[in-house]
Amino acid sequence: MIEWLRRLRAAFGASFLWLVCLIYFTQGFRSFVWTAVSYQLKDTLKLSPSSSQFVFSIAFFPWSIKPLYGILSDCIPIKGRKRVPYLVIATVLSLVPWLILGLNAMSRSSMWLLMAFLTVQNLGSAMADVVVDAMIAEAVRHEWASFAGDLQSVSWLAMAFGGICGSLTGGFALSNFDIHTIFLLFSILPSIQLLSCGLVEENSVDSEAFAESKLRSSHGVNGNHSSLDEDSFSEKKSNTSITKRKKSKKGSKNKTVSSKVQVSGKVDSLASQWFQSLKAATFSLCRAFKQPIILRPMAWFFLAHVSIPNLSTVMFYYQTEFLNLEASFLGSARVVGWLGLMLGTLVYNRFLKRMKLRRILMWSQLGLAFMTLLDIVLVSRVNLTFGISDRIMVLCGSALSDAVNQFKFMPFLILSGQLCPPGIEGTLFALFMSINNLGSTLGSFVGAGLASVLSISSGSFDNLLLGIVVQVLCIFIPIAFLFLIPKEATGISA
C-alpha cells in the first residue's frame, strides 16, 4: 500500500494527489452537514416532508447540468488556464454559502433564502467535481495512462472514507453543537481546498494562437501602409519643415488608430474563438447523444429514476418523529450504508461483471422492490410481531439498499464509459451523469407530489404505507423497458 502510494506520488506529485483526495473526501464528508440541513428544515423551519423534499430537489439541481461546467472550462480559459481558475471559483461558491448560513441567522430562518444558498453551494460542489474529473483525465492521458485505474481508486477511497467520517461525526455533532456551528465547522474543508488550489501548477494553454493567426494578415497590411508612408516621406524630404510636421502628426494619428484596431481585432478574435469552440463542443455533444446506441440506454436510466417516487425525506421524518431514532443512530446507519456500497462494488466486480447487463438491471430492480418491502414491514409494524427492533430494520435496510443500488449504478458507469466516442469522453460522461442526477431530482419531485397528494405531513403518517405500496409498484415499470439496453452488453464489452 505504501509503495503504491509512493509510485502515485512520483507519477503525479504530492500536491496534485492531495488536492484530488481532498476534493473527493469533501464530497463524501458532505453527509456531515446535510444531516444538519435536514434537521434545520424539519425542526427549525417546521416544513412538511413534501416541502423539505422540494427544497432538496431544487438545491441539488446544479448537479443535473454538469456538462455546462465542463464545456466552459474546456473552451474558455481564464488567464491561459482551464482548470485551476474554475476550481477556485467552484471552491468559493462552495465555501461562502456555509459561512453565510453559519453567521447569519436570517439566511437559515427563511426557506427561500436557505434554498438559494444551498443551490449555490451545490453549484460550486458540482463544478469542482467536473473540474477535478477533467484534471484526472488530463493527468492520465499520455505517459501516465497505466495509472488511470489507480487514480480512480484513490478518488473512490477518499470519497468513501469521507462519507464514513461525515456520517459518524455528523450524528455526534448534532447531539453536541448548534446547527449554525456545524455549518461553520464544515466550511473548514472548503477553506483548506481553496488554499490547496495554489499548490497545483497548471500549464498555460495558448489561448491567443487563434487570434495571432488571424492578426498576421492585419500586421501585413499595417506594415505595407507603413512602408508606403516611409516611401512617400523619403520622396518628399525636400519639402519644407511645416510639411514634415504635418506628415509626422498624420503618421502618429494613423499609428494610434492602427493600434486600436489591432486591440479591438484581438478581442473580437478571442471572443470568436471561444464562441466557435463552444459551438463545436455543443454540436459534437448533441450529435453523439442522438445516436441510438447512446440515447436508448440513457433513456432507460433516466426512466428508472423518474418513474419511481423518492420518499427518502418522508422516511427521514418517520424515523425521527414516529420511531424517535436519534441523530447519532441515523449517522451510524449511513456508515453501514457506505459499507454496503463498498460491498456492492466488490461483489459486482468479483461475480457479476461478466453477466448480461439486462439481467443485472432486472435483478437490481427486483432487489429494490424487496428492499422497499422492508419499509412496508417497518411502517406496518409487522417487525415487532417477530421481535425485530426498528433499529435492526433501519440498519439492514440502509446497508442492503445501498448495495443493491450499487448493482444498478455500476452498469450505468460501464455503459457510460463504453459508449463515449473518442474526443469528447469527459463532456459526454458528464452529460450521462447529469441525466442520472436529473432523473433523481425529478424522482424527488414526484415523491414530494405523492406525499402532498396523500397528505403525509409531520406527525401524520397514516397514508405512508399506501405511498410505499405505490413506490413498490412503480419499481417494476423500468423492467418493461429493458429492451433499451444493448442485448449483448456485459460488464466487459458493450
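Residues numbered from 1 in each chain as written. Predicted model: local features only at pLDDT ≥ 70, side-chain atom pairs only at ≥ 80, totals over all residues. Heavy atoms only, no water.

> Before we move on, can you summarise the overall build of the protein chain with the specific residues and values?
A count of helical and extended segments in the protein chain gives 21 helices and 0 strands. Sequence-distant contacts, at least 24 apart, represent 86% of the contacts inside the protein chain between residues at least 6 apart. Summed over all atoms, the accessible surface of the protein chain reaches about 24300 Å², with 65% contributed by carbon and sulfur. (Helix = DSSP H or I, 4+ residues; strand = E, 2+ residues; numbered from the N terminus. Contact = heavy atoms within 4.5 Å. Areas by Shrake-Rupley, 256 points an atom, 1.4 Å probe, with all protein chains shown as cover.)

> Which residues make up helix 15 (residues 312-322), and what values do they have?
When you tally the buried positions in helix 15, you get 8 out of 11 residues, the bulk of the element. Every buried residue of helix 15 is listed here: Thr313, Val314, Met315, Phe316, Tyr317, Tyr318, Gln319 and Thr320. Downstream of helix 15 by one or two residues, Asn324 has phi in the positive range, about 55°. (Buried < 20%, exposed > 50% of the residue type's maximum accessible area, 1.4 Å probe, protein only.)

> Go over the nonpolar core, please, and point to the residues and values.
Trp98 and Leu464 are the most contacted members of the largest nonpolar core, which totals 61 residues. Leave out the neighbours within four places in its chain, and Trp98 touches Val33, Trp34, Val37, Leu118, Gln121, Phe183, Leu184, Phe186 and Ser187. Residues Ala90, Phe407, Met410 and Phe432 belong to the second largest nonpolar core, which totals 54 residues. (Core = buried A, V, L, I, M, F, W, Y, C linked by side-chain atoms within 4.5 Å.)

> Quick rundown of the packing of helix 17 (residues 357-380) against helix 21 (residues 464-475)? Include the residues and the values.
Running from N to C, helix 17 and helix 21 cross one another at 170°; their axes reach a closest spacing of 9 Å. Considered as vectors, helix 17 and helix 21 are oriented roughly antiparallel to each other. Residue-level inspection shows Gln365, Leu368, Ala369, Thr372, Leu373, Asp375, Ile376, Val379 and Ser380 of helix 17 in contact with helix 21, the latter providing Leu464, Leu465, Ile468, Val469, Gln471, Val472 and Ile475. Per-class residue counts for the contact of helix 17 with helix 21 are 11 nonpolar, 4 polar and 1 charged. (Axes fitted to C-alpha atoms, helices over the stretch in contact; angles between N-to-C directions. Parallel < 35°, antiparallel > 145°, perpendicular 65-115°, else oblique. Nonpolar A, V, L, I, M, F, W, Y, C, P; charged D, E, K, R; others polar.)

> Summarise a nonpolar patch on the surface; cite the residues concerned and give the values.
A grouping of Trp18, Phe172, Phe177, Leu185, Ile188, Ile192 and Leu199 is seen on the molecular surface, where their side chains present a nonpolar patch of about 660 Å² in accessible area. On the secondary structure map, Leu199 appears in the loop between helix 11 (188-196) and helix 12 (209-235). (Patch = residues over 30% accessible without salt bridge, like charges linked within 9 Å, V, L, I, M, F, W, Y side chains within 5 Å. Salt bridge = Lys/Arg side-chain N within 4 Å of Asp/Glu carboxyl O.)

> Explain the packing of aromatic side chains to me, using residue names and the numbers behind them.
Enumeration according to the criterion identifies 17 aromatic pairs in this entry. Summarising the aromatic geometry, the rings of Phe29 and Phe32 are spaced 5.0 Å apart at their centres and angled 20° between planes, so their arrangement reads as stacked. Neither residue differs from the other here; Phe29 and Phe32 are each classed as buried. Ring centres 6.3 Å apart and planes at 5° place the aromatic pair Phe29 and Phe186 in the stacked group. Placement of the pair is Phe29 in helix 2 (residues 14-29) and Phe186 in helix 10 (residues 179-186), with a sequence separation of 157 residues. Accessibility assignment for this pair places Phe29 and Phe186 in one class, buried. Pairwise contacts between aromatic rings join Phe25, Phe29, Phe32, Trp34, Phe56, Phe60, Trp98, Phe161, Phe183 and Phe186 into one cluster. (Phe/Tyr/Trp six-rings, centres within 6.5 Å; stacked < 30°, edge-to-face > 60°.)

> Talk me through the side chain of Ser107; I want residue IDs and the actual numbers.
Note that Ser107 resides in helix 7 (residues 105-109). For Ser107, a relative accessible area of 3% corresponds to the buried category.

> If you had to explain the environment of Gly447 to someone new, which residues and values would you point to?
Mapped onto the elements, Gly447 comes out in helix 20 (residues 425-453). With residues near it in sequence (within four places) discarded, Gly447 still touches Gln53, Pro309, Asn310 and Leu311.

> So what's going on with the environment of Asn122? Which residues, and what values?
Checked against the element boundaries, Asn122 lands in helix 8 (residues 111-139). Each C-alpha atom of the pair Asn122 and Ala59 lies 6.7 Å from the other, and the pair is 63 residues apart in sequence. Excluding residues within four positions of it along the chain, Asn122 makes contact with Arg30, Trp34, Ala59, Phe60, Pro62 and Trp63.

> Quick one: what's the story with helix 10, residue by residue and with numbers?
Every buried residue of helix 10 is accounted for by Ile179, Ile182, Phe183 and Phe186. Along the long axis of helix 10, the arc covered by the buried residues comes to 100°, so they all point the same way. (Arc of directions from axis to C-beta.)

> I'd love a proper account of the packing of helix 4 (residues 49-59) against helix 15, names of residues and values included.
A pair of packed helices is characterised by two quantities: the angle between their axes and the separation of those axes. Where helix 4 contacts helix 15, the two axes come as close as 8 Å, and the packing angle between them is 135°. Considering the angle they form, helix 4 stands oblique to helix 15. Like other packed secondary-structure pairs, helix 4 and helix 15 cross with a definite hand, here right-handed. In this structure, helix 4 uses Pro49, Ser52, Gln53 and Phe56 to contact helix 15, whose residues at the interface are Ser312, Thr313, Val314 and Tyr317. (Left-handed = near helix turned anticlockwise from the far one by under 90°.)

> Go over the confidence of the model for the protein chain, please, and point to the residues and values.
Predicted coordinates in areas of low pLDDT are best not read in detail. A residue-level look at the protein chain finds 79% of positions with pLDDT of 70 or above and a mean pLDDT of 79. Confidence drops under pLDDT 50 across residues 207-250; counting only partners more than four residues distant or on other chains, this segment forms 24 contacts. (pLDDT = per-residue confidence, 0-100.)

> Pulling in residues and values, what's your account of the pattern of salt bridges?
All chains considered together, the criterion is met by 5 salt bridges. Among the ionic pairs, Asp43 bridges to Lys42, the shortest N-O distance being 2.6 Å. When its relative accessible area of 35% is taken as the criterion, Asp43 is described as partly exposed. The buried category is assigned to Lys42, whose relative accessible area is 8%. Beyond isolated ion pairs, a larger network of salt bridges with shared partners links Lys42, Asp43 and Glu321.

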